[in-house]
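# Overview (structure and organization)
For reference, the chains in residue letters:
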Amino acid sequence: MMADKAGGVRDLEREDLPSVAQLFQKTFRDSEPLRPSMIQYFRDIYFDHPWYDDEIRSKVFVSAAGEVEGFIGVFPSRLELNGRSLRAAFAGSMMVDRPEQNPLAGARLLRSFLAGPQDISLTETANALALGMWQKLALPLDIAYSLNWLRVLRPVSAAVQVAERAVKAARLLRPVGAFADGLVEKMGASPFRAPKVHGVGRANFWDAPREEFIEAVLKLADTFPLKPQWDRPTLEWFMDQAEQKRQYGKPVWRIAESRSGQLVGCYVYYGRPGGIAWLLQALCSPAVAGDLVEDLFAHADASGCAAIRGAGHPWLTPELISRKTMFYGRAFFVAHAKDKSLLEPVKTGQGLISGLAGENWTRLIGDDFD
């Protein structure tokens, strides 16, 4: 796809990467200098992706002089719906330099993405501005996958963590938060702490090595009618990428078996003492969804986390609602397909299309570059 002489939208080329990285830094990380590692990372995820598709590439908006002034990241995906292979694409970061001078650039980038050859177009990380563009095209958000949630465990420390996102100097208050939460606990008034999991319920959870976790994900993914066409090497690539994200702490891999020894669940979250942990992926049979949520909260609590949050996992939502969890709008999920029947698993919350199966494995979402 070539832009005309007056500028416009075209496919991303390797030589565009320094300009795109600079634009990303200016748009989302204006307080940090551009790191060479970011340029290499863009190359890794957009050109060395295991499902790279030359017909489904990221897009750039260029000026008449050929300068990159806008970008929408595109991640190709291979999905399977009841045995049928599908081409899919996730729209990631979208940014425009000087949007007041290029008011239509964002819409043109999005339209170019949607005009691609993929069977399904998705995003799980649209902010309010990007969501408005999707909705102007009569493409509403999917509520089940857009329900971001937060479970507070240590309220003062959690408040400090939230304040740090606006003012980095707020990190100086971390000792104050830890002291206040500790004092409340000593007084016997800690209503936010997660109950400890005693004995074996319907499922028994344990920390697992990464290899066992990969095996569990591959097996449990088969319970979804709409799922990625992962094989071991491909899933390992996504896991390698996800494991590089360390802003929220180190990843914890957990697996669950039923009393009869059957694999029934697994999850991975990032956490560190005093921080807000983040759930990347959770899979389970419906019968043990409550056990998984309780184990997740108890494990994060025992690890000293101030809170834990996550994006939409429709199969967990009923259990999250009943366990002191707050829901809010932060990143929104939208799905589009010309063949509307392909969207039925999304509408019913039966699509494995988020987390490791979506975009949230990338370091562009919630990580720093050094």
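These numbers come from a predicted model, not from an experiment.

## Regarding the packing of helix α6 (residues 155-166) against helix α7 (residues 174-186)
A packed helix pair is summarised by two numbers, namely the angle formed by the two axes and the spacing between the axes. Packing of α6 against α7 leaves a shortest axis separation of 7 Å and a crossing angle of 160°. One way to sum up the angle between α6 and α7 is to call them roughly antiparallel. Here α6 and α7 pass one another in a crossing that is right-handed. Across the interface between the two elements, P155, V156, S157, V160, Q161 and E164 of α6 pack against R174, G177, A178, A180 and D181 of α7. Here the residues of the contact of α6 with α7 are counted per class, giving 5 nonpolar, 3 polar and 3 charged.

## A few points about the sheet that holds strand β13 (residues 326-328)
Judged by pairing direction, the sheet is mixed, and its 7 strands sit side by side in the order β7-β9-β10-β11-β12-β6-β13 without closing on themselves. Of all strands in the sheet, those bounded by a partner on one side alone are β7 (203-207) and β13. Sheet twist, expressed as the average angle between the axes of neighbouring strands with direction ignored, equals 25°. α6 rests against β6 (148-152), β11 (276-284) and β12 (307-310) of the sheet, and its axis sits at about 100° to β11. Against the sheet, helix α9 (residues 232-243) engages β9 (250-258), β10 (263-271) and β11, with an angle of about 130° to β9.

## Side note on unusual backbone geometry
We note that N82 has phi near 50°; this positive angle belongs to a residue other than glycine. Looking at where N82 falls in the secondary structure, it is placed in the loop between β3 (68-81) and β4 (84-96). Unusually for a residue other than glycine, R98 sits at a positive phi of about 50°. Relative to the assigned elements, R98 resides in the loop between β4 and α3 (105-114). Its relative accessible area of 32% is what places R98 among the partly exposed residues.

## Some points on the pairing of β10
For β10, the tally of buried residues reaches 8 of 9 residues, placing the bulk of the element in the interior. Bridge count for β9 against β10 is 8 bridges, and the pairing is antiparallel. Among the inter-strand pairings, V252 is bridged to a residue of β10, identified as Y269. Connecting β9 to the next strand, β10, in antiparallel fashion are 4 residues, including G261 with a positive phi near 90°. Summarising the sheet, β10 and β11 pair through 6 bridges and their orientation is antiparallel. Bridge pairing in β11 places Y270 opposite W278.

Thresholds applied
Residues numbered from 1 in each chain as written. Predicted model: local features only at pLDDT ≥ 70, side-chain atom pairs only at ≥ 80, totals over all residues. Heavy atoms only, no water. Axes fitted to C-alpha atoms, helices over the stretch in contact; angles between N-to-C directions. Helix = DSSP H or I, 4+ residues; strand = E, 2+ residues; numbered from the N terminus. Parallel < 35°, antiparallel > 145°, perpendicular 65-115°, else oblique. Left-handed = near helix turned anticlockwise from the far one by under 90°. Contact = heavy atoms within 4.5 Å. Nonpolar A, V, L, I, M, F, W, Y, C, P; charged D, E, K, R; others polar. Pairing = 2+ DSSP bridges. Buried < 20%, exposed > 50% of the residue type's maximum accessible area, 1.4 Å probe, protein only.

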